[in-house]
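Residue strings, one per chain:
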Amino acid sequence: MLLKIKEIFFHSWIRYLSCLIYGIVILVVYNSFRDWSNLINYIDACFIAGFSLICIGGLSIVNNLGTFDIFTHLFARGKDGQPKPAFYEYVESKKEKRHKTRFNCVPYFVMGILYIIVSSIMLAYV
């Protein structure tokens, strides 16, 4: 049970770190165009960062299901001068790779929900 939770949530600390940096960048960029002393701007920036991270996580799920395979096959190349693989072979080779990265969307959802929770807490104090 503990191994399964670790596999789902804690497989990539780099993604968590990149989501944190992404949120901070959104906060700085948003507030650089607004007033730094207004709490509403921080709430808006946290909500924007959280919602966009949840959207990125959703796109990650859709990609992992194979929705964009037709587009990536257009730019696929054969290995060592071989011709481009057929679409079916390409999809089958991607299925093996996707099984290992099926939980790569979790950091986006976790950090997105965290940013929305932070913005909701700040909204309670306005």
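See the structure shown above.
Quick look at the structure, then. (Residues numbered from 1 in each chain as written. Predicted model: local features only at pLDDT ≥ 70, side-chain atom pairs only at ≥ 80, totals over all residues. Heavy atoms only, no water.)

Concerning the overall build of the protein chain
Point 1. Assigned secondary structure in the protein chain consists of six helices and zero strands.
Point 2. Order of helices (α) and strands (β) in the protein chain, N terminus to C terminus: α-α-α-α-α-α.
Point 3. Once the C-alpha set of the protein chain is aligned to its principal axes, its extents read approximately 60 × 40 × 20 Å.
Point 4. By residue count, 27% of the 126 residues in the protein chain fall in the buried class.
Point 5. About 9,100 Å² of surface is accessible on the protein chain, with carbon and sulfur atoms providing 71% of the total.
Point 6. Once the 13 positive and 8 negative side-chain charges of the protein chain are each reduced to a mean point, those two points are 3 Å apart. (Helix = DSSP H or I, 4+ residues; strand = E, 2+ residues; numbered from the N terminus. Buried < 20%, exposed > 50% of the residue type's maximum accessible area, 1.4 Å probe, protein only. Areas by Shrake-Rupley, 256 points an atom, 1.4 Å probe, with all protein chains shown as cover. Lys, Arg positive; Asp, Glu negative; His and termini not counted. Charge placed at Lys NZ, Arg CZ, Asp CG, Glu CD.)

Considering a nonpolar patch on the surface
Point 1. A cluster of nonpolar side chains, Trp13, Ile14, Leu17, Leu20, Ile21, Ile24, Val25, Val28, Val29, Phe33 and Trp36, forms an exposed patch at the surface whose accessible area comes to about 1,100 Å².
Point 2. As for its placement among the helices and strands, Trp36 is situated in the loop between helix H2 (13-32) and helix H3 (39-64). (Patch = residues over 30% accessible without salt bridge, like charges linked within 9 Å, V, L, I, M, F, W, Y side chains within 5 Å. Salt bridge = Lys/Arg side-chain N within 4 Å of Asp/Glu carboxyl O.)

Comments concerning the environment of Ile117
Point 1. Tracing the backbone through its elements, the reader meets Ile117 in helix H6 (residues 106-124).
Point 2. Since its relative accessible area comes to 45%, Ile117 is described here as partly exposed.
Point 3. Note: C-alpha distance between Ile117 and Pro83 (34 residues apart in sequence) is 50 Å.

What to know about the state of the cysteines
Point 1. In total, this model carries zero disulfides according to the counting rule given.
Point 2. Free of any disulfide, Cys19 has its nearest neighbouring cysteine sulfur in Cys105, separated by 11 Å.
Point 3. Considering cysteine sulfurs only, Cys19 is the nearest to Cys55, which forms no disulfide, with 13 Å between them.
Point 4. Assessed through its relative accessible area of 39%, Cys55 is described here as partly exposed. (Disulfide = S-S within 2.5 Å.)

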